[in-house]
Amino acid sequence: MQGNGYDLIEEIRRLKQERNAVILAHNYQTEDIQEIADFVGDSLGLSRKAAETDADVIVFCGVHFMGETAKIVNPSKTVVLPDLEAGCSLSDSCPAEDLAKFLEAHREKDYFVVAYINCSAGVKALSDVICTSGNALKIVARIPEGRNILFVPDQNLGAWVMEKTGRMMDLWEGSCYVHIEFTRQSIEKIQAAHPSAKVVAHPECTQAVRLLADEVCSTERMVDYCRESPEKEFIVVTESGMLHRLRKEVPGKTFIAGPTETCSCNDCRYMKKNTLQKLRDCLRDLSPEIRMDEGLRARAEVPIRRMLDWS
Ligand code: 13P
Ligand code: SF4
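Residues numbered from 1 in each chain as written. Chains lettered and ligands numbered in written order. Predicted model: local features only at pLDDT ≥ 70, side-chain atom pairs only at ≥ 80, totals over all residues. Heavy atoms only, no water.

Enquirer: Account for the site of ligand 2, with residues named and values stated.
Expert: Around ligand 2, a shell composed of Tyr28, Val63, Cys88, Ser89, Asn118, Cys176, Tyr177, Val178, Glu204, Cys268, Tyr270 and Met271 is seen. Here the shell around ligand 2 is composed, by residue class, of nine nonpolar, two polar and one charged. (Near = heavy atom within 4 Å. Nonpolar A, V, L, I, M, F, W, Y, C, P; charged D, E, K, R; others polar.)

Structure representation (structure tokens):
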């Protein structure tokens, strides 16, 4: 490593130019990574950027399924991730082999499979359309009436979509370990300490928590909601990286991290695997790289393109 953080940032900028690379970062990345990224956003914004970029190299500062999505829509580009171990408990809760077995065992249902983007390429390849938290309501509303819908892998997001759209769906029983740690009690406690604060929560939270929220939305929508609201104080019930973007882009307002039973804020251990050093290393070495079988990639691209068309 170089002598100080400044050298590291300079080196990343130089390598980025040499490689004709773009750095995409999710809202849950650490502040230093968000600051050096070319684009910071939610899963929907990031997949759009990945599909549009003319860079030769995409450095994806997020988790594995996000890098995979970028590769699926950009087969000829080099997609690198600072840390290949950056996984996702939600994605892990729905292995592709289990989904394939389930679909085979329920062939009579002829499911229309909606997969939340937090899933592997294998699961995407078995799905009819992908959604993110930012477009799930719109996507599900477009599915022809009368079709049986299977929503994978997040039961909480799926339940929220059912509540909002009135469409019945069968739900895969997966969840995000970060968002289910927020409880009704932990949020009520912080509300009692900040009675005038509005509560914004991610739809991966449980229903008990969502019911306490003034707004349930994707991480990107949280920025607009807090900016447009006349209120000055917000309790933000999602991963703690979100606070940096909110504080930066909505100055003059107060953002309080949603606490869990045991912690005053909540980090995703996978998102936080990425560091500036690893970002520099992956740009320098063009490794670890996301690679994928072409047949799988082509099958997984179909429902992603459908999502991009439908939203
Ligand atoms: P967003 O698409 O709302 O940013 O959510 C991504 C995610 O991983 C939530 O846990
Ligand atoms: Fe996965 Fe949850 Fe981390 Fe998002 S916050 S990457 S859903 S484990």
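Enquirer: Just give me the short version of the packing of helix α3 (residues 43-52) against helix α4 (residues 64-73), but keep the residues and values in it.
Expert: Running from N to C, α3 and α4 point in directions that differ by 35 degrees, and their axes come no closer than 9 Å. For the pair α3 and α4, the sense of crossing is right-handed. Contacts between α3 and α4 involve Ser43, Ser47, Ala50 and Ala51 on the former and, on the latter, Met66, Thr69, Ala70 and Val73. Within the contact of α3 with α4, the residues separate by chemical class into five nonpolar, three polar and no charged. (Axes fitted to C-alpha atoms, helices over the stretch in contact; angles between N-to-C directions. Helix = DSSP H or I, 4+ residues; strand = E, 2+ residues; numbered from the N terminus. Left-handed = near helix turned anticlockwise from the far one by under 90°. Contact = heavy atoms within 4.5 Å.)

Enquirer: So what's going on with the nonpolar core? Which residues, and what values?
Expert: Counting 78 residues, the largest nonpolar core has Val114, Val152 and Val237 as its most contacted members. When sequence neighbours within four positions are dropped, the list of residues in contact with valine 237 reads His179, Phe182, Ile187, Val199, Val200, Ala201, His202, Cys205, Val209 and Gly258. Ala37, Val59, Leu276 and Leu279 belong to the second largest nonpolar core, which has 18 residues in total. (Core = buried A, V, L, I, M, F, W, Y, C linked by side-chain atoms within 4.5 Å. Buried < 20%, exposed > 50% of the residue type's maximum accessible area, 1.4 Å probe, protein only.)

Enquirer: Please set out the site of ligand 1 residue by residue, giving values where relevant.
Expert: Surrounding ligand 1, one finds His26, Tyr28, Asp42, Ser43, Tyr116, Asn118, Ser133, His179, His202, Glu204, Ser218 and Thr219. The side chain of histidine 26 places a nitrogen or oxygen atom 2.7 Å from an oxygen atom of ligand 1. Histidine 202 has a polar side-chain atom sitting 2.8 Å from an oxygen atom of ligand 1. Its residues placed into classes, the shell around ligand 1 shows two nonpolar, eight polar and two charged. (Polar contact = N/O pair within 3.5 Å; in protein donor to acceptor, adjacent residues only side chain to side chain.)

Enquirer: I'd like a description of the pairing of strand β11 (residues 233-237), backed by residues and values.
Expert: Burial analysis of β11 places five of its five residues in the buried class, the great majority of the element. With four bridges connecting them, strand β9 (residues 198-201) and β11 associate as parallel partners. Bridge pairing in β11 places alanine 201 opposite valine 237. A crossover connection joins β11 to the parallel strand β12 (residues 254-257) through helix α13 (residues 242-249); in handedness this β-α-β unit is right-handed. (Pairing = 2+ DSSP bridges. Right-handed = clockwise from strand over helix to strand, strands pointing away.)

Enquirer: Tell me about the pattern of salt bridges, and name the residues and values.
Expert: Evaluation of the coordinates by the stated rule reveals 27 salt bridges. The residue arginine 107 makes a salt bridge to glutamate 104 at a minimum N-O spacing of 3.4 Å. By relative accessible area, arginine 107 is classed as exposed at 58%. Where salt bridges share partners, they join Glu11, Arg280, Asp281, Arg284 and Asp285 into one cluster. (Salt bridge = Lys/Arg side-chain N within 4 Å of Asp/Glu carboxyl O.)

Enquirer: Account for the sheet that holds strand β4 (residues 78-80), naming residues and giving values.
Expert: With parallel pairing, four strands are arranged side by side in an open sheet as β2-β1-β3-β4. Strands at the two margins of the open sheet, each flanked by one partner only, are β2 (39-41) and β4. Ignoring which end each strand starts from, the neighbouring axes of this sheet average 20 degrees apart. Judged from the three bridges that link them, strand β1 (residues 21-26) and β2 form a sheet pairing that is parallel.

Enquirer: So what about the sheet that holds strand β5 (residues 112-116)? Which residues, and what values?
Expert: Across the sheet, four strands lie side by side as β6-β5-β7-β8; this open sheet has parallel pairing. A strand with exactly one partner marks an edge of an open sheet, and here the two such strands are β6 (129-131) and β8 (170-171). Where β5 lies against β6, three bridges are found, and the strand directions are parallel. Note on β6: the bridge partner recorded for alanine 115 is isoleucine 130.

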